[in-house]
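Understanding the architecture of this molecule
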Amino acid sequence: MKTLPHVLAALTAAVAAALVSQTANAAVLPDYQTQSSWFTAGADAVAAKVAQARNTGSTKNVILFVGDGMGVSTLTAARIYQGQAAGHTGEENRLSFETFPYSALSKTYSVNQQTPDSAPTMTAMVTGVKTEDGMLSVSSDSIRGNCLSSKGNELKTALELAEDLGKSTGIISTARLTHATPAATYAHTPERNWEADSNMTTEAINNGCHDIAYQLVMDAPGNGLEVALGGGRSYFLPNTVTDGEGATGRRADGNDLTAAWTENYSNAAYVWNQEQFDAVDTTTTDHLLGLFQSSHMQYEADRADDVGGEPSLAEMTSKAIDLLAKNDQGYFLMVEGGRIDHAHHAGNASRALQDTVALSDAVKAAMDKVDLSDTLIIVTADHSHTFTIAGYPARGNPILGLVHAPEDTTIAQDPTLANDGLPYTTLGYANGPGAKNGARADLSAVDTTDVEFLQQAQVPLSSETHAAEDVAIYATGPGAYLFQGSVEQNVIFHVMNQAAALGGTKY
Amino acid sequence: MTLSPAHTWRNLATLFKAGALFGLFSANAFAAVAAKADSPICPAATLNGSQHFGVQYQLSGAQHGTLQLLRRQAQTAYFNPGNGVGEWWNFSVAEHPSFIRVFAKQQRRIDYYMGDLRTLNIHVSQPEIESFAAAHLRSQLRHKGAGSCADSQVYEGDYQQVHYRLLWSDSLQLPLQLTTEHKGQIKQWQASKIMPAREVDMLLSRWQQFADTDYADIGDNETDPFLAQMINQGFIEHSEHAVYNSNGQPMSGQHIH
């Protein structure tokens with residue numbers, strides 16, 4: 001209580017200072033400075049911040065967007081890519097969620113690794129507890145790949161807490177629904193690769209661990225998830241079944257979990273292609289399972305060429321919200337752009353950026369649907385990649401192109417040359433398949449903006465790796481103000497828990 | 001899909017870095033070894049038009065080795081029994097072929113989906129894969145008449161500075177014998193065994209049981225020793241599309257020599 005007058009005084013002073021800042025600046029700064037569009041835009045941004053009221057109330061709904069592998073450099077490059085695709089220079093563009101009022105940096109290390117994988121990072125986000133690599137929503141007291149050790153170490157997730165409160169829940173991913181990020185919301189396992197029973201060890205089966213796909217359908221919390229849309233169909237089908245796109249199931253236990261979904265729930269639907277997805281009536285459907293690929297869904301760049309047709313991440317998000325919003329108690333929805341990570345692993349920046357833009361579009365679709373007075377939206381990443389934006393390219397230089405320096409008011413026609421006499425791209429990787437043993441390739445006659453182009457890399461690895469630097473968190477809606485500064489990744493759970501009163505902890 | 005013979009050759013070369021198919025068509029490092037005089041085995045008439053069989057090829061010359069071509073309808077696989085490495089294509093959906101790399105000694109598979117193949121810039125032609133990469137070549141050579149086997153034809157000629165002599169089976173739509181000569185160096189592939197359908201099924205069924213990993217997931221499995229080896233020590237996809245390490249040796253298997 002003693003600090004209150006001081007805080008109030010400070011706030012009052014800040015507001016007053018901001019309100020008069022332009023006037024004050026006008027008195028001490030020259031007109032060419034204060035009338036600069038940069039200056040006025042910056043001043044407007046601060047004024048908007050000052051005028052913004054914190055929404056400290058409870059939120060009914062929570063939507064957590066995760067861009068797998070979507071580090072800060074990916075966001076920067078994607079915003080430029082999107083802006084240039086719209087005919088602009090690009091740098092000034094903003095992805096949909098970059099307009100959110102609150103942000104923070106998230107420290108992603110896991111209990112045992114400086115650079116994590118998606119399993120412990122998503123576990124941290126949805127349980128509030130960091131764990132070891134490869135484990136999903138079990139504590140680090142477990143031993144990876146050992147079922148027995150995980151018994152009694154299961155960590156309750158935000159999705160499960162939401163179910164307990166009678167909220168509706170959903171997961172969406174362009175990766176397999178059994179992949180680490182979506183799986184951490186509903187499954188508990190000491191081995192992320194136990195996606196189907198055929199992937200499990202004898203020890204795991206004998207000690208009663210269930211595979212991840214089985215947990216999604218048969219061990220679901222509460223009254224079961226209302227929405228599950230993504231890839232991974234083969235993990236839900238018996239190995240005697242060939243699906244509609246010619247792929248074989250991989251379950252050895254004979255369970256058809258797609259059939260179980262429709263049998264277990266009332267008003268349930270299972271769809272596997274765009275046409276079926278489009279035909280789903282959310283007013284009459286209460287449990288929707290969509291599995292659009294035997295494994296991961298297509299990259300956004302390839303989606304139009306899919307055999308059966310796939311909905312976009314934005315389309316899935318929009319339909320999911322329509323269905324989930326029928327519940328007056330609210331909902332918890334997790335949406336993952338799962339293939340940003342895969343494109344980076346392949347050293348293929350173009351596909352990574354296109355999938356990042358697709359995630360931005362999905363966030364935009366959500367913003368168009370929800371009421372931000374009762375919905376907390378969080379956008380973050382689980383980890384970063386060794387992706388860099390380098391050189392001194394001119395403003396508006398194609399982000400996927402070779403570095404061309406500014407030249408007067410234009411862009412130099414000839415590319416900038418490195419010490420080896422060769423041009424280089426703005427985007428690159430510290431390691432990965434784009435590296436070569438020996439001399440670097442001459443890119444002078446190469447179309448580096450082609451979607452198939454693999455950026456050059458320094459260290460030759462067959463698969464580009466994750467990186468350990470912090471990732472960004474963007475938030476809007478009730479409780480979003482709690483994201484400030486640099487936080488541990490597991491704080492994300494606690495903000496959701498606080499804002500939505502999930503009951504995991506009292507603050 | 002791009003029909004590019006160069007890509008096809010390079011793709012087939014994933015089985016051997018320094019020998020076999022890669023060497024056959026690069027034709028620049030062969031020892032001057034005369035072709036074997038043995039006649040190729042002739043397919044039985046019952047195989048005419050069959051899409052379910054295998055052919056074992058024997059390579060003679062500077063590189064010695066064995067390569068099996070397995071065919072089961074829209075599926076074609078190339079397998080090197082020496083190092084246990086295979087490549088398995090499925091053209092059931094012709095515009096979206098699936099591709100699997102087989103590592104028999106480790107009993108592991110890497111599965112590639114459409115997006116994976118595109119990110120790796122792997123474009124193949126179904127006719128080239130199914131013809132031992134000889135479909136386009138045959139069209140470049142002169143027809144010399146009937147061959148020594150029933151339903152076989154002889155073609156000969158020069159293509160890209162290499163002299164070819166091809167004994168082509170009309171019934172299998174595959175070479176029975178393929179001899180190359182470049183700067184006096186001779187190399188020969190010869191069908192040495194026709195593999196029955198049951199043998200093909202046995203191999204493919206066995207591979208189907210191997211532990212599989214999506215190519216896209218390799219990067220998330222650095223703790224798996226087999227995959228870590230791929231990530232850190234070889235499996236250079238981008239520049240050469242090859243299952244070999246940076247020293248040019250086939251990964252985790254004996255060399256073809």
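Looking at an unreviewed UniProt entry, one finds chain A named Alkaline phosphatase, with Shewanella mangrovi as its source organism. Per UniProt, chain A has the following entry under Sequence similarities (unreviewed entry): "Belongs to the alkaline phosphatase family." In its Subcellular location (unreviewed entry) section, the UniProt entry covering chain A states "Cell membrane".

**Topic: the side chain of Gln489(A)**
Along the chain, the position of Gln489(A) falls in the loop between β17 (486-488) and α17 (491-500). Ignoring sequence-local partners within four residues, the contact set of Gln489(A) consists of Ser106(A), Lys107(A), Thr108(A), Thr121(A), Ala124(A), Met125(A), Lys130(A), Ala381(A) and Asp382(A).

**Remarks on the UniProt feature "active site" (unreviewed entry) in chain A**
Residues and elements named next belong to chain A. Mapped onto the present numbering, the UniProt feature "active site" (unreviewed entry) falls on Ser118. Within the element layout of this structure, Ser118 appears in helix α6 (residues 118-127). For Ser118, a relative accessible area of 0% gives the class buried. Look past the residues within four positions of Ser118 in its chain and what remains in contact with it is Asp68, Ala180, Thr181, Arg192, Asp382, His383 and His466.

**Details of the state of the cysteines**
Throughout the structure, instances matching the rule amount to 2 disulfides over all chains. One disulfide bridge connects Cys147(A) with Cys209(A), the sulfur atoms lying 2.0 Å from each other. Its S-S torsion of approximately 95° makes the covalent link between Cys147(A) and Cys209(A) right-handed. Of this pair, Cys147(A) sits in helix α7 (residues 147-150) while Cys209(A) is found in the loop between α10 (202-206) and α11 (212-218), placing the two residues 62 residues apart along the sequence. Classification of Cys209(A) as buried rests on a relative accessible area of 10%. The disulfide that involves Cys42(B) links it to Cys149(B), with 1.7 Å between the sulfurs. Note on the Cys42(B) and Cys149(B) pair: the S-S dihedral is about -75°, so by sign convention the disulfide is left-handed. With Cys42(B) in the loop between α2 (20-26) and β1 (52-60) and Cys149(B) in the loop between β7 (142-146) and β8 (152-159), this residue pair connects regions lying 107 residues apart in the sequence. Judged by its relative accessible area of 4%, Cys149(B) falls in the buried class.

**Some points on the sheet that holds strand β10 (residues 387-389) of chain A**
All names here are of chain A. Reading across the sheet, the 3 strands line up as β10-β13-β14 and stay open at both edges, with mixed pairing between neighbours. The open sheet has two edge strands with one neighbour each: β10 and β14 (457-460). Taken pair by pair, the neighbouring strands of this sheet meet at an average axis angle of 20°, ignoring direction. The pairing of strand β13 (residues 427-432) with β14 spans 3 bridges and is parallel.

**Remarks on the side chain of Arg108(B)**
All names here are of chain B. Summarising the element assignment, Arg108 is placed in strand β6 (residues 108-112). Classification of Arg108 by relative accessible area gives buried; the value is 14%. Engagement of the side chain of Arg108 in a polar contact is seen with the side chain of Asp224, the distance being 2.8 Å. Setting aside its immediate chain neighbours within four residues, Arg108 contacts Arg101, Val102, Phe103, Phe210, Ala211, Thr213, Asp224, Phe226 and Leu227.

**Section: the confidence of the model for chain A**
The predicted model of chain A averages 94 in pLDDT, with 94% of residues at 70 or higher. Throughout residues 1-11 of chain A the model reports pLDDT below 50, and contacts reaching past four residues in sequence, or to other chains, amount to 0 contacts.

**What to know about the sheet that holds strand β16 (residues 471-476) of chain A**
Residues and elements named next belong to chain A. Strand order across the open sheet formed by 10 strands is β5-β6-β4-β3-β7-β1-β8-β16-β2-β17, with mixed pairing between neighbours. The open sheet has two free edges, formed respectively by β5 (268-271) and β17, since each of these has just one partner strand. The mean inter-strand angle of the sheet, taken between neighbouring strand axes irrespective of direction, is 15°. Strand contacts of helix α14 (residues 313-324): β1 (61-67), β3 (168-176), β4 (227-231), β6 (287-291) and β7 (331-337), with the helix running at about 165° to β3, the strand carrying the most contacts. Sheet strands in contact with α17 are β1, β2 (102-107), β7, β8 (375-381), β16 and β17, and its direction is about 175° off that of β8.

**Quick notes on the interface of chain B and chain A**
Facing the 30 residues of chain B at the interface are 34 residues of chain A. Overall, the association of chain B and chain A removes approximately 2,700 Å² of surface from exposure, summing both partners, and the carbon and sulfur fraction of that is 45%. At the junction of chain B with chain A, the criterion picks out 7 salt bridges. Along the contact surface separating chain B from chain A lie 14 residue pairs in polar contact (both at pLDDT 80 or more).

**Considering the pattern of salt bridges**
Residues and elements named next belong to chain A. Summed over the entire model, instances satisfying the criterion amount to 35 salt bridges over all chains. The closest approach of N and O atoms between Arg395 and Glu91, which form a salt bridge, is 2.9 Å. Of the two residues, Arg395 sits in the loop between β10 and β11 (406-407) while Glu91 sits in the loop between α5 (72-85) and β2, which places them 304 residues apart along the sequence. Residue class for Arg395 comes out partly exposed when judged on its relative accessible area of 44%.

**So, the environment of Asn83(B)**
Residue and element names in this part refer to chain B. By secondary structure assignment, the location of Asn83 is in the loop between β3 (75-80) and β4 (85-90). Under the relative-accessibility criterion, Asn83 is labelled buried at 2%. For the pair formed by Asn83 and Lys105, sequence separation is 22 residues and the distance between their alpha carbons is 7.7 Å. Separated by 3.3 Å, the side chains of Asn83 and Asn80 make a polar contact.

**Here we look at the domain arrangement of chain A**
Residues and elements named next belong to chain A. If you check the domain split of chain A, you get domain 1 (61-384 + 481-500) and domain 2 (387-464). Spacing between the C-alpha centres of domain 1 and domain 2 amounts to 33 Å. Facing the 22 residues of domain 1 at the interface are 21 residues of domain 2. Note on domain 1 versus domain 2: buried area summed over both sides is about 1,600 Å², and carbon and sulfur give 56% of it.

**Details of helix α12 (residues 257-264) of chain A**
Residue and element names in this part refer to chain A. Every buried residue of α12 is accounted for by Leu257, Thr258, Ala260 and Trp261. For α12, the angular spread of buried residues about the axis comes to 160°, placing them on one side. On its buried side, α12 packs onto α11, β4, β5 and β6.

**Quick word on the packing of α5(A) against helix α16 (residues 349-369) of chain A**
All names here are of chain A. Direction vectors running N to C along α5 and α16 enclose 80°, while the axes themselves pass 9 Å from each other. With respect to α16, the axis of α5 lies roughly perpendicular. Only Leu353, Gln354, Thr356, Val357, Ser360 and Asp361 of α16 make contact with α5, whose side of the interface consists of Thr74, Leu75, Ala77, Ala78, Tyr81 and Gln82.

**Focus on the pairing of β8(A)**
Residues and elements named next belong to chain A. Within β8, 7 of the 7 residues are buried, which leaves the element mostly enclosed by the surrounding structure. Along β8, one buried face is formed by Thr375, Ile377, Val379 and Ala381 and the opposite face, lined by Leu376, Ile378 and Thr380, is buried too. Relative to β8, β1 runs parallel, the two being bridged by 7 bridges. Residue pairing for β8: Val62 is matched across the bridge by Leu376. Bridge analysis of β8 against β16 gives 4 bridges, and the strand direction is antiparallel. Bridge assignment links Ile377 to a residue of β16, and that residue is Thr476.

Reading the values: rules and limits
- Residues numbered from 1 in each chain as written.
- Chains lettered and ligands numbered in written order.
- Predicted model: local features only at pLDDT ≥ 70, side-chain atom pairs only at ≥ 80, totals over all residues.
- Heavy atoms only, no water.
- UniProt positions renumbered as here; feature names shortened; annotations may be inferred.
- Helix = DSSP H or I, 4+ residues; strand = E, 2+ residues; numbered from the N terminus.
- Contact = heavy atoms within 4.5 Å.
- Buried < 20%, exposed > 50% of the residue type's maximum accessible area, 1.4 Å probe, protein only.
- Disulfide = S-S within 2.5 Å.
- Pairing = 2+ DSSP bridges.
- Axes fitted to C-alpha atoms, helices over the stretch in contact; angles between N-to-C directions.
- Polar contact = N/O pair within 3.5 Å; in protein donor to acceptor, adjacent residues only side chain to side chain.
- pLDDT = per-residue confidence, 0-100.
- Buried area = accessible area lost by both parts, 1.4 Å probe.
- Salt bridge = Lys/Arg side-chain N within 4 Å of Asp/Glu carboxyl O.
- Domains from an automatic or database assignment.
- Arc of directions from axis to C-beta.
- Parallel < 35°, antiparallel > 145°, perpendicular 65-115°, else oblique.

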